[in-house]
Amino acid sequence: MAVGRKPGSRKAGEDRTGKKRAENRKSGDIKSESKKRRKGMDKPAGDVYREEFSPEEAAERIEGRNPVMEAIKADRPINKILVAKGEREGSIRYIIALARDKGIVVQEVERSKLDAMSVTHAHQGIIALAAAKEYVDVDYILESAASAGEPPFILILDEITDPNNFGSILRTADAVGAHGVIIPKRRAIGLTAAVSKASAGAVEYVPVARVTNLGQTIDYLKKNNVWVVGTDMTGEVSFYDSDLKGPIALVIGSEGEGMGKLIKEKCDFIVNIPMKGHVSSLNAGVAGAIVMYEILKQRSR
């Protein structure tokens, strides 16, 4: 039986130069120690630890005041800008104002975090995390569906933070023919290099919109005659007993908390995924794939 749709309102580490080096000389291992360091096998601990990044990951970091400023001016898609705490002098203040004018998230962090992230070792107190691909707006997704002569099939990700889950969802979205994905700007991962890799290339084919307010975006979709369905254990009807045909936006909740309360309230209806085993939930990528394929099946009838 199909579910009825209810109309709704639309200490720093051990010193490597003292006692330890003397001990290494005695044992004849000083050459081996140096070789380890060159290979990055012997890293300092604590706050002085410097992460190593692949070329792909390094490519998404824009470091230094002028490079970050020019990237913003050139409208390069940026997920977030990290600024060292206490940095408010000179060009930093201008960069922050410019970023906020363009709706870019600015986050203060300890300088040691920027030191650990930096590839150039000359970040000047600021690092921008650039997106792997340009974002689109919600209208672009709706227009893509209209151009294809199909009812919109949209995914809304509520605070997904794991790149593997996001990448998996993008991969499945491409496979089922979804017209686009909507994500929030805050408390969620963006289109990073790790997400791109996890998507196995699907990031190049699935448009992603990044919005300031998911609730308002859901209201906008409703005004455009799109039904919004949530996935949650509290759903009264299983996904395969629900009517998932027509214009639809599927909400996939975060890995730990699921959908937020406000987002859940804005859904037209909520479906569950029956569970007969001992674990109580599925990860977001798997749960999303299961329901996406049911939507594809129903749309193909």
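Being a predicted model, the structure only gives us computed values, none of them experimental.

**Brief notes about the overall build of the chain**
A tally of helices and strands in the chain yields twelve helices and eleven strands. Buried residues in the chain amount to 45% of all 301 residues. About 16100 Å² of surface is accessible on the chain, with carbon and sulfur atoms providing 49% of the total.

**Notes on the sheet that holds strand 2 (residues 78-84)**
One open sheet accounts for four strands, arranged 1-4-2-3; its pairing is mixed. The sheet is open, and its two edges are formed by strand 1 (61-63) and strand 3 (106-109), each paired on a single side. Here the strands of the sheet are splayed against their neighbours by 25° on average, with no regard to which way each runs. In this structure, strand 1 lies alongside strand 4 (residues 126-130), joined through three bridges in antiparallel fashion.

**Let's talk about unusual backbone geometry**
The residue D75 is not glycine, and still its phi comes out positive at about 60°. Within the fold, D75 resides in the loop between helix 4 (65-73) and strand 2. Even without being a glycine, E159 presents a positive backbone phi close to 60°. Turning to its location among the elements, E159 is positioned in the loop between strand 5 (153-157) and helix 8 (163-176).

**Observations concerning the pairing of strand 2**
In terms of burial, strand 2 is a largely internal element, six of the seven residues being buried. Inspection of the sheet shows strand 2 paired to strand 4 by five bridges, in the antiparallel sense. Considered in strand 4, the bridge of I81 is made with A128. The sheet contact formed by strand 2 and strand 3 spans four bridges and is parallel. Across the sheet, the residue bridging to I81 is V106, located in strand 3. This β-α-β element, strand 2 to helix 5 (residues 91-101) to strand 3, shows right-handed connectivity.

**Regarding the packing of helix 7 (residues 138-147) against helix 10 (residues 214-223)**
Helix-helix packing: each pair is described by the crossing angle between the helix axes and the interaxial distance. Where helix 7 contacts helix 10, the two axes come as close as 11 Å, and the packing angle between them is 30°. Relative to helix 10, the element helix 7 is oriented roughly parallel. For the crossing formed where helix 7 meets helix 10, the hand is right-handed. Contacts between helix 7 and helix 10 involve V138, D139 and L142 from the former and T217, Y220 and L221 from the latter.

**A look at helix 8**
In an α-helix, one turn spans 3.6 residues, which is why side chains three or four residues apart end up on the same side. In this model helix 8 runs 20 Å from its N-terminal to its C-terminal C-alpha over 14 residues, within 8% of the 20 Å that 1.5 Å per residue would give. Its side-chain oxygen 3.1 Å from the backbone nitrogen of N164, D162 forms the N-cap of helix 8. Positive backbone phi, at 80°, marks G177, one or two positions downstream of helix 8.

**Notes on the confidence of the model for the chain**
When pLDDT is averaged across the chain, the result is 81; 80% of the residues are at 70 or more. Least confident of the elements in the chain is helix 2 (residues 30-38), whose mean pLDDT is 39; most confident is strand 5, at 97. Confidence drops under a pLDDT of 50 for residues 1-56, and excluding neighbours within four residues, the segment shows 63 contacts in the predicted structure.

**Digging into the packing of helix 8 against helix 12 (residues 284-299)**
Running from amino to carboxyl end, helix 8 crosses helix 12 at an angle of 10°, the nearest separation of the two axes being 9 Å. Considered as vectors, helix 8 and helix 12 are oriented roughly parallel to each other. Seen from helix 8, the contacting residues are N165, S168, I169, T172, A173, A175 and V176; seen from helix 12, they are A284, G285, A289, M292, Y293 and L296. Among the residues forming the contact of helix 8 with helix 12, the class breakdown is nine nonpolar, four polar and no charged.

**Looking at the environment of L191**
Mapped onto the elements, L191 comes out in the loop between strand 6 (180-184) and helix 9 (193-198). As a C-alpha pair, L191 and A132 span 59 residues in sequence and 5.4 Å in three-dimensional space. Residues in contact with L191, not counting those within four places in the same chain, are N79, A130, A131, A132, K133, Y135, F166, L170, V203 and V208.

**Points about the sheet that holds strand 5**
Read from one edge to the other, the open sheet built from seven strands follows the order 7-6-5-10-8-11-9, with strand pairing classed as parallel. Here the strands that pair on one side only, and so sit at the sheet edges, are strand 7 (208-211) and strand 9 (237-238). The sheet contact formed by strand 5 and strand 6 spans three bridges and is parallel. Residue L155 lies in a different strand from strand 6, and its bridge partner there is V181. In the packing of helix 7 onto the sheet, contacts are made with strand 5, strand 6 and strand 7, and the angle to strand 6 comes to roughly 165°. Taken strand by strand, helix 8 contacts strand 5, strand 6, strand 7 and strand 10 (248-252), and its axis lies near 175° from that of strand 5.

Cut-offs and rules
Residues numbered from 1 in each chain as written. Predicted model: local features only at pLDDT ≥ 70, side-chain atom pairs only at ≥ 80, totals over all residues. Heavy atoms only, no water. Helix = DSSP H or I, 4+ residues; strand = E, 2+ residues; numbered from the N terminus. Buried < 20%, exposed > 50% of the residue type's maximum accessible area, 1.4 Å probe, protein only. Areas by Shrake-Rupley, 256 points an atom, 1.4 Å probe, with all protein chains shown as cover. Pairing = 2+ DSSP bridges. Axes fitted to C-alpha atoms, helices over the stretch in contact; angles between N-to-C directions. Right-handed = clockwise from strand over helix to strand, strands pointing away. Parallel < 35°, antiparallel > 145°, perpendicular 65-115°, else oblique. Left-handed = near helix turned anticlockwise from the far one by under 90°. Contact = heavy atoms within 4.5 Å. Expected span 1.5 Å × (residues − 1). Polar contact = N/O pair within 3.5 Å; in protein donor to acceptor, adjacent residues only side chain to side chain. pLDDT = per-residue confidence, 0-100. Nonpolar A, V, L, I, M, F, W, Y, C, P; charged D, E, K, R; others polar.

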